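Listed below are the residues making up each chain.
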Amino acid sequence: MPQTDVIIIGSGLAALSAAYHLRYLNVTIITKSSWSASNSMLAQGGVAAAVDSKDTWKLHYEDTLAAGCDHNHVQNVEYLVQDGPSEIQELIQNGMNFDTNSYGQLLLGKEGAHSRNRIIHAGGDATGKELTTFLYQKTKKYVSMIENEMAIELVIDNGKCVGVYTKNDKGECQQYLASKTIIASGGCGAVYGHTSNADVITGDGIAMAYRAGANIADMEFIQFHPTMLHIDGKCVGLISEAVRGEGAILINQNDEAFMRKLHPQADLASRDIVSRAIFYEMRKGNRVFLDISMIENFSLRFPTISALCRQYGVKLESGKIPVAPGMHFLMGGIVTNDKGETSIKNLYAIGEAACTGVHGANRLASNSLLEGLVFGQRLATYLLSQPFEHQSTTNFSLHSNEISHYDNKKLPTKHEIQEIMTKYVGIQRTEEELLIAKQWFESYQDQVSFWDINVKDFTIDEIERINMLTVGWLITTSSLSRTESRGGHYRLDYPNQVEKWHRKQVFRSKNEMVVGV
């Protein structure tokens, strides 16, 4: 069986950041599609960092906590905002080209809930693609890159993670062993019908970790991005928050700028507030648009968005882009500390798959790429100080408490899962609707347990659906448990923040659901 120092599951910015800093070790990256099929490649707005002389890490810290509804892990937020500028400087010194003015100074944009212009961007609105491609080019000659193989199960031996099982599109299974295994597989956007996420983001890493016994938390906190391009009732692509940062405003079909009445920051309020405002407008039967008429040279500043609009027949000269909210980011995930350690020895998680607590109940705009860079580097630095032990035994089997293959198994389609999540576990929630979703998810547990399955007996498509069932159930039941509204979790039957829930997390494991600090 192949053995390596470090296995990284995923190929987005967090994965490549860790690989870059670990490049002189024996590192293998495993990704279920092309290396470029990640949410990081789709990120438009930029990366937030306090690099301007009029800005400080403390201001960035305060903005992050305010957007996160004070549910954040404050020490990890400090690491995020303090380490960010040095990470940006290292990238620039190594040849990364961010957008600058004619004097070579970084162009700094502004996005929702930021008190300063601190959004560094590249390629106009292609920051994620530029950053991810840059790190891939810097890393590819040092690491083994395995594409089109899906990680399906972690290899656990005596309570330690020693590697991963994979399956390719031919149904062939492979076992890879490593001293350290890192999950950097992204979030779970594909469990919802309207999402900015790549299609491959089906919650695989979180579901795998859950089956292996790792602790999971904050799954109820789902961020819906306010402005996705809305065509014929479908969300077809992201319209970056940076567009509003450049002055665009939200209007309905009657040209009413409704955000000005709802929040002091108007169109640049935090994403949870703006998404709910658009949702309510649409519930009233109104259509919602971004008025971009005041932005000069829109196509030059936002070439990716302009191309997307042209692709779907939106005429930019009209000055209006039709928008609606869509699932964008998971604040929860696999519980880790500031070094990426999970509750399972030698298993680590970074990026959107991880729950470090830096985002609290609602992520501050453009902190996601920053998280990938900072915590990828922090994990790598920690691992470089650790011993690397390799297994003498190379033939492990999946856990013994498993359900075998069902000849008559019937799983829901991906579309059916997405419909349930969108209808009952969306932007606003109630106990009644959450119970409907819970009952629906649990109706499949007598066929496929969420943790005791032999994944070798399922196709890749079936495993993805099992992972989506697992994650959808975790989101639903965690949402039922939190009897308040905070950030990305909004309950119509509990519409206010409740003090007893302040910085309390809903922890999940195979054995129980626990509320804790």
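The structure under discussion appears in the preceding block.
Because the structure is predicted, anything quoted here is derived from the model rather than measured.

A. View of the overall build of the protein chain. Tallying secondary structure elements over the protein chain gives 14 helices and 20 strands in all. At 22 Å, the protein chain has a C-alpha radius of gyration in line with the 24 Å of a compact globule built from 517 residues. Dimensions of the protein chain, computed from C-alpha atoms along their principal axes, come out at roughly 65 × 55 × 45 Å. Looking at the protein chain as a whole, 61% of its 517 residues are labelled buried.

B. View of the pattern of salt bridges. All told, the structure shown has 23 salt bridges when counted by the stated rule. As a salt-bridge pair, R482 and E220 come within 2.6 Å of each other at their nearest N and O atoms. Here the residue R482 occupies a position in the loop between α14 (460-481) and β19 (505-508), and E220 occupies one in the loop between β10 (216-217) and β11 (222-231), the gap between them amounting to 262 residues. Comparing R482 with E220, the two get one shared label, buried. Between E241 and R271 there is a salt bridge, and its shortest N-O distance comes to 2.5 Å. Here the residue E241 occupies a position in the loop between β12 (234-238) and α7 (242-245), and R271 occupies one in helix α8 (residues 271-283), the gap between them amounting to 30 residues. As far as the burial class goes, E241 and R271 line up, both buried. If you follow the salt bridges from partner to partner, you end up with K32, D204, K414, D461, E464 and R465 in one network.

C. Examining the packing of helix α1 (residues 13-21) against helix α5 (residues 127-139) more closely. Put simply, α1 and α5 touch, their axes get as near as 9 Å, and they point 30° apart. Taken together, the axes of α1 and α5 lie roughly parallel to each other. When the axes of α1 and α5 are compared, the crossing they make is left-handed. Facing α1, whose interface residues are L13, L16, S17, A19 and Y20, α5 presents L131, T132, L135, Y136, K138 and T139. Per-class residue counts for the contact of α1 with α5 are 7 nonpolar, 3 polar and 1 charged.

D. Just helix α10 (residues 303-311), in detail. Every buried residue of α10 is listed here: I305, S306, L308 and C309. The buried residues of α10 all sit within an arc of 160° when viewed along its axis, so they share a single face. Summarising the geometry of α10, the exposed residues directed more than 90 degrees from the buried face are R310 and Q311. Turning to α10, the residues buried within the fold contact β11, β12, α7, α9 (298-301) and β15 (320-330). Just downstream of α10, G313 is the residue with a positive phi angle, here 75°.

E. Focus on the sheet that holds β12. If you walk across this open sheet you meet the 5 strands as β12-β11-β15-β14-β13, and the pairing is antiparallel. Edge strands, defined here as strands with exactly one partner in the open sheet, are β12 and β13 (249-252). For this sheet, the mean angle separating the axes of adjacent strands, direction not counted, is 55°. For β11 and β12, the ladder comprises 4 bridges, and the chain directions are antiparallel. Bridge assignment links H230 to a residue of β12, and that residue is C235. On top of the sheet, α10 reaches β11, β12 and β15; it is set at about 150° to β12, its chief contact.

F. The arrangement of α14 in detail. Along its 22 residues, α14 runs 32 Å from first to last C-alpha, staying within 8% of the 32 Å computed at 1.5 Å per residue. Burial runs high along α14: 20 of the 22 residues are buried.

G. Spatial organisation of the nonpolar core. Membership of the largest hydrophobic core comes to 62 residues, with the highest contact counts inside it found for I183, Y192, F441 and I475. Counting residues per element, this core draws most heavily on α14, at 9 residues. Setting aside residues up to four positions removed in sequence, I475 forms contacts with C188, V191, Y192, M219, E220, I222, M421 and V425. V77, V81, I88 and L131 belong to the second largest nonpolar core, which has 47 residues in total.

H. Examining the sheet that holds strand β3 (residues 47-48) more closely. Taken in spatial order, the 3 strands of this open sheet run β3-β5-β4, and their pairing is antiparallel. Pairing within the sheet leaves two strands with one partner each, and these edge strands are β3 and β4 (108-109). Relative to strand β5 (residues 119-120), β4 runs antiparallel, the two being bridged by 2 bridges. Looking across to β5, one finds that L108 is bridged to I120.

Conventions we followed
- Residues numbered from 1 in each chain as written.
- Predicted model: local features only at pLDDT ≥ 70, side-chain atom pairs only at ≥ 80, totals over all residues.
- Heavy atoms only, no water.
- Helix = DSSP H or I, 4+ residues; strand = E, 2+ residues; numbered from the N terminus.
- Rg over C-alpha atoms; globule rule 2.2 N^0.38 Å.
- Buried < 20%, exposed > 50% of the residue type's maximum accessible area, 1.4 Å probe, protein only.
- Salt bridge = Lys/Arg side-chain N within 4 Å of Asp/Glu carboxyl O.
- Axes fitted to C-alpha atoms, helices over the stretch in contact; angles between N-to-C directions.
- Parallel < 35°, antiparallel > 145°, perpendicular 65-115°, else oblique.
- Left-handed = near helix turned anticlockwise from the far one by under 90°.
- Contact = heavy atoms within 4.5 Å.
- Nonpolar A, V, L, I, M, F, W, Y, C, P; charged D, E, K, R; others polar.
- Arc of directions from axis to C-beta.
- Pairing = 2+ DSSP bridges.
- Expected span 1.5 Å × (residues − 1).
- Core = buried A, V, L, I, M, F, W, Y, C linked by side-chain atoms within 4.5 Å.

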